[in-house]
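# Topology and contacts: notes
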Amino acid sequence: MMRIGNGFDVHEIVSGRPLVLGGERIPAEFGLLGHSDADVVLHAVMDAMLGALALGDIGHHFPNTDVRYKDANSMELLRHVVRLVTEQGYRLCNLDVMVLAEAPKLAPHVMRMRENIAGACECDVQQVSIKATTMETLGFVGRKEGIAAQAVVLLAPLEGVSDK
């Protein structure tokens, strides 16, 4: 059977760290605070994939109390989650991500982010959608205090694997 999952993540904006979204380093005068590289896009994607298969969340798999994940590259963590999904007999069918950020403008970086995620998920870039919106100066995103992302995934059984 097909499986649907959703994920959400938010990180605080801070100076002195690089901004990494969707596995892409985005030119900005700020980054995001987190134990790993704080890539909110990939964190939301991983939570959606894990949730679709009832495998917990990224905090369970990559706890922020574990020094192995200090400053971890979230693309590597995503590859691990994709292996878990494959081991469960599933593959990514479709992914839709919404990034909530007042700044910087993300449109010039969306295609590269889609390519990064498609590569890690071993799927076609057409199966990965990323959109970005502002909050029109409202809330913590609008005040440029943080960036958030939400993701929805559809997982399909691998060819030749019986439905679970």
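Further up the page is the structure itself.
Residues numbered from 1 in each chain as written. Predicted model: local features only at pLDDT ≥ 70, side-chain atom pairs only at ≥ 80, totals over all residues. Heavy atoms only, no water.

With that settled, consider the side chain of Asp37. Within the element layout of this structure, Asp37 appears in the loop between β4 (31-32) and α1 (40-52). Buried charge Asp37 goes without a salt bridge, the closest partner of opposite sign being Arg17 at 6.3 Å. Within the structure, the side chain of Asp37 is placed 2.5 Å from the side chain of Ser74, a separation counted as a polar contact. Those residues in contact with Asp37 that lie beyond four places of it in its chain are Arg17, Val20, His43, Asp71, Ala72, Asn73 and Ser74. (Helix = DSSP H or I, 4+ residues; strand = E, 2+ residues; numbered from the N terminus. Buried < 20%, exposed > 50% of the residue type's maximum accessible area, 1.4 Å probe, protein only. Lys, Arg positive; Asp, Glu negative; His and termini not counted. Salt bridge = Lys/Arg side-chain N within 4 Å of Asp/Glu carboxyl O. Polar contact = N/O pair within 3.5 Å; in protein donor to acceptor, adjacent residues only side chain to side chain. Contact = heavy atoms within 4.5 Å.)

Running from N to C, α1 and helix α3 (residues 74-87) cross one another at 10°; their axes reach a closest spacing of 10 Å. As summarised for this structure, α1 and α3 are arranged roughly parallel, according to the angle between their axes. For the element pair α1 and α3, the recorded crossing hand is left-handed. Contact residues: α1 offers Leu42, His43, Val45, Met46, Met49 and Leu50, while α3 offers Ser74, Met75, Leu77, Leu78, Val81, Val82, Leu84 and Val85. When the residues that make up the contact of α1 with α3 are grouped by side-chain class, the tally is 12 nonpolar, two polar and no charged. (Axes fitted to C-alpha atoms, helices over the stretch in contact; angles between N-to-C directions. Parallel < 35°, antiparallel > 145°, perpendicular 65-115°, else oblique. Left-handed = near helix turned anticlockwise from the far one by under 90°. Nonpolar A, V, L, I, M, F, W, Y, C, P; charged D, E, K, R; others polar.)

This part is about the packing of α3 against helix α4 (residues 110-121). Packing of α3 against α4 leaves a shortest axis separation of 9 Å and a crossing angle of 40°. As far as their axial angle goes, α4 and α3 are oblique. The handedness of the crossing between α3 and α4 is right-handed. Touching Met75, Leu78, Arg79 and Val82 of α3 are Asn116, Ile117, Ala120 and Cys121, all from α4. Residues of the contact of α3 with α4, tallied by class, amount to six nonpolar, one polar and one charged.

Helix length check: α3, at 14 residues, gives a terminal C-alpha distance of 20 Å against a target of 20 Å (1.5 Å per residue), a fit within 8%. On its buried side, α3 packs onto α1, α2 (58-61), β5 (90-100), α4 and β7 (146-157). Phi turns positive, to about 90°, at Gly89, one or two residues after α3. (Expected span 1.5 Å × (residues − 1).)

This brings us to the pattern of salt bridges. According to the stated counting rule, one finds eight salt bridges in the structure shown. Note that Arg79 and Glu76 form a salt bridge whose closest N and O atoms lie 2.8 Å from each other. Placement of both Arg79 and Glu76 in helix α3 is noted, with a separation of three residues, approximately one turn of the helix. Assessed through its relative accessible area of 46%, Glu76 is described here as partly exposed. Across the pair Asp96 and Lys131 runs a salt bridge, and its minimum N-O distance is 2.5 Å. Of this pair, Asp96 sits in strand β5 while Lys131 sits in strand β6 (residues 128-133), and the two are 35 residues apart along the sequence. Each of the salt bridges in this network shares a partner with another, and the network as a whole consists of Arg17, Lys70 and Asp71.

Let us look at a nonpolar patch on the surface. There is a patch of nonpolar side chains on the surface, built from Phe8, Val10 and Phe140 and spanning about 260 Å² of accessible area. With respect to the element layout, Phe140 can be found in helix α5 (residues 139-142). (Patch = residues over 30% accessible without salt bridge, like charges linked within 9 Å, V, L, I, M, F, W, Y side chains within 5 Å. Areas by Shrake-Rupley, 256 points an atom, 1.4 Å probe, with all protein chains shown as cover.)

Bear in mind that shape data such as this cannot, by itself, settle questions of function.
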